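Per-entry structural report
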Amino acid sequence: MSSRVKRAYKFRFYPTAQQADLLSRTFGCVRKVYNLALQARTEAWCQRRERVNYHATSTMLTAWKKSEELAFLNEVSSVPLQQTLRHLQGAFVAFWDKRAGYPRFKSKRRSRASAEFTPSAFRWRDGQLTLAKMTEPLHIVWSRSLPEGQSPSTVTVSRDSAGRWFVSLLCADQVATLPATDSVVGIDAGLEHLFTLSTGEKVANPRHERADRARLARAQRELARKEKGSRNRAKARLRVARIHARIGDRRRDHLHKLTTRLVRDNQTLVIEDLTVRNMVKNHCLARAIGDAAWRQFRELLTYKCAWYGRNLVVIDRWYPSSKVCSTCGASRRTCR
């Protein structure tokens, strides 16, 4: 059996100077439109108790483009600007459903630089991708092939803090369900050992951040000495970002390999519902808990179990598992 899923294929690409300039301006316009729409919706509710939806903000965007102050919005593709309004609408829906907090304004330095293009704003031909307002295709490093006969439904271009450019292609794909097994495994998260399995196996904690801690500290000291606004400070900031990117890449690669192995070998996986947000408030363990990336581990495990026909059981955080006998299920005080 197989299931049809939407799958994102992420690749690194190297833009030309003209492409980088256009994409950088697109990121800035996307952030500007998002913040303007958020401000308009917030003021409408606080002052007039009026809810502004996506269609109203889309009308505002047309007026903003005609104004002299925001005429630069016409220099980039209109599709990413419309998409950011849809993302804002989704953020408000999540807030109304109490699944997330109130939407925040996007910061130039801290927010993710990205722009989403729909098929009307890009051309996919002979394995080459050309975005709107560009004359030549992107130079993409194809590390793997897309599903045969499929073309991307959306394209997301992003730039991380280390200055690397990425393009994510969302395609429909067929994922084959893995053969059913009788294997069940319980997974207990920890810091001395990253995970301890019910089979007795202990997964070592790679401690990726600790391996580069000395290098990171040295780079951060050099950054602190640079004059604010100088080119040398920008170079030093880039060195710090590259070290963080290296740590994140290794952590993500290790978790992907681990979760794939667990899903492939077991039919049912049992994990504990950990409140990582509260646990990192312990300043003595915050760095170690963040480096362990338990939340990311659960996210990967969740979607892979759904894809490959596995069962994921999440135990309530208040369940007294350490006080219950693993053999008969009774309290350890009464079990003999």
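Above this text sits the structure in question.
The rules behind these values
Residues numbered from 1 in each chain as written. Predicted model: local features only at pLDDT ≥ 70, side-chain atom pairs only at ≥ 80, totals over all residues. Heavy atoms only, no water. 1 Å grid on protein atoms, 1.4 Å probe; cavity = no way out; pocket = protein on both sides within 12 Å on 5 of 7 lines; lining within 4 Å. Points joined across faces, edges and corners; volume = space filled by probe spheres on them. Helix = DSSP H or I, 4+ residues; strand = E, 2+ residues; numbered from the N terminus. Contact = heavy atoms within 4.5 Å. Pairing = 2+ DSSP bridges. Salt bridge = Lys/Arg side-chain N within 4 Å of Asp/Glu carboxyl O. Buried < 20%, exposed > 50% of the residue type's maximum accessible area, 1.4 Å probe, protein only. Phe/Tyr/Trp six-rings, centres within 6.5 Å; stacked < 30°, edge-to-face > 60°. Lys NZ or Arg CZ within 6 Å of the ring centre and 35° of its normal. Core = buried A, V, L, I, M, F, W, Y, C linked by side-chain atoms within 4.5 Å.

Before going further, it helps to spend a moment on empty space enclosed by the protein. A water-sized probe rolled over the atoms picks out the places where empty space is left. A full pass over the atoms with the stated rule returns one cavity of 30 Å³ or more. Size it by volume and the largest cavity reaches roughly 50 Å³. Residue assignment for the lining of the largest cavity shows that the elements contributing at least two residues are helix H6 (231–265) and helix H8 (286–292).

The subject of this paragraph is the environment of Lys202. Looking at the secondary structure, you find Lys202 in strand S10 (residues 202–204). Apart from the residues within four sequence positions on either side, Lys202 is in contact with His193, Phe195 and Thr196.

Sheet topology note: the strand S8 (residues 184–189)/strand S9 (residues 193–197) ladder contains three bridges and is antiparallel. Within S9, the position partnered with Ala189 by the bridge is Phe195. Here S8 hands over to S9 after three residues, the two strands then running antiparallel side by side. Looking at chain direction, S9 and S10 are connected through three bridges and run antiparallel. Bridge pairing in S10 links His193 to Ala204. Taking the residues that link successive antiparallel strands as the turn, the S9-S10 hairpin has four residues, and the phi of Gly200 there is positive, at about 100 degrees.

Reading across from one edge, S2-S6-S7-S1-S5 is the order of the five strands in this open sheet, with antiparallel pairing throughout. The open sheet has two free edges, formed respectively by strand S2 (113–117) and strand S5 (140–141), since each of these has just one partner strand.

In this section: the pattern of salt bridges. The full count for this structure, using the stated rule, is 18 salt bridges. Its salt-bridge partner being Arg246, residue Asp212 comes within 3.0 Å of it at the nearest N-O pair. Note that Asp212 is positioned in the loop between helix H4 (208–211) and helix H5 (213–225) and Arg246 in helix H6, a separation of 34 residues in sequence. Arg252 serves as the salt-bridge partner of Asp249, at 3.1 Å between the closest nitrogen and oxygen. In this pair, Asp249 and Arg252 are both assigned in helix H6, three residues apart and thus about one turn of the helix distant. Judged by its relative accessible area of 29%, Asp249 falls in the partly exposed class. Classification of Arg252 by relative accessible area gives partly exposed; the value is 36%. One salt-bridge network, in which partners are shared between bridges, spans Asp160, Arg164, Asp249 and Arg252.

Next up on the list: the packing of aromatic side chains. Following the criterion strictly, the structure yields ten aromatic pairs and no others. Relative to Trp142, the ring of Trp124 lies with its centre 5.9 Å away and its plane at 75 degrees, an arrangement referred to as edge-to-face. On the criterion of sequence distance, the pair formed by Trp124 in strand S3 (residues 122–125) and Trp142 in the loop between S5 and strand S6 (154–159) is long-range, its members being 18 residues apart. Counting every residue linked through ring pairs, the aromatic cluster contains Phe92, Phe95, Trp96 and Tyr102. Arg41 extends its terminal NZ or CZ atom over the ring of Phe92, reaching a point 4.2 Å from the ring centre.

In this structure, Leu129, Leu131, Val155, Val157 and Val167 are the most contacted members of the largest nonpolar core, which totals 42 residues. Those elements that place two or more of their residues in this core are strand S1 (2–13), helix H1 (17–48), helix H2 (54–66), helix H3 (78–96), S2, strand S4 (128–131), S6 and strand S7 (165–176). Of all the elements, H1 adds the most residues to this core, at eleven residues. Residue contacts for Val155: discarding those within four places in its chain leaves Ala115, Glu116, Phe117, Phe122, Leu129, Leu131, Val167, Ser168 and Leu169. Ile187, Leu258, Ile289 and Trp294 belong to the second largest nonpolar core, which has 21 residues in total.

Right, let's talk about unusual backbone geometry for a bit. At Asp126, a position not held by glycine, the phi torsion is positive, near 55 degrees. In this structure, Asp126 sits in the loop between S3 and S4. Residue classification places Asp126 among the exposed positions, given a relative accessible area of 75%. A positive phi angle is found at Lys133, which is not glycine, with a value near 70 degrees. Counting through the fold element by element, Lys133 comes out in the loop between S4 and S5. On the accessibility criterion, Lys133 (51% relative accessible area) is exposed.

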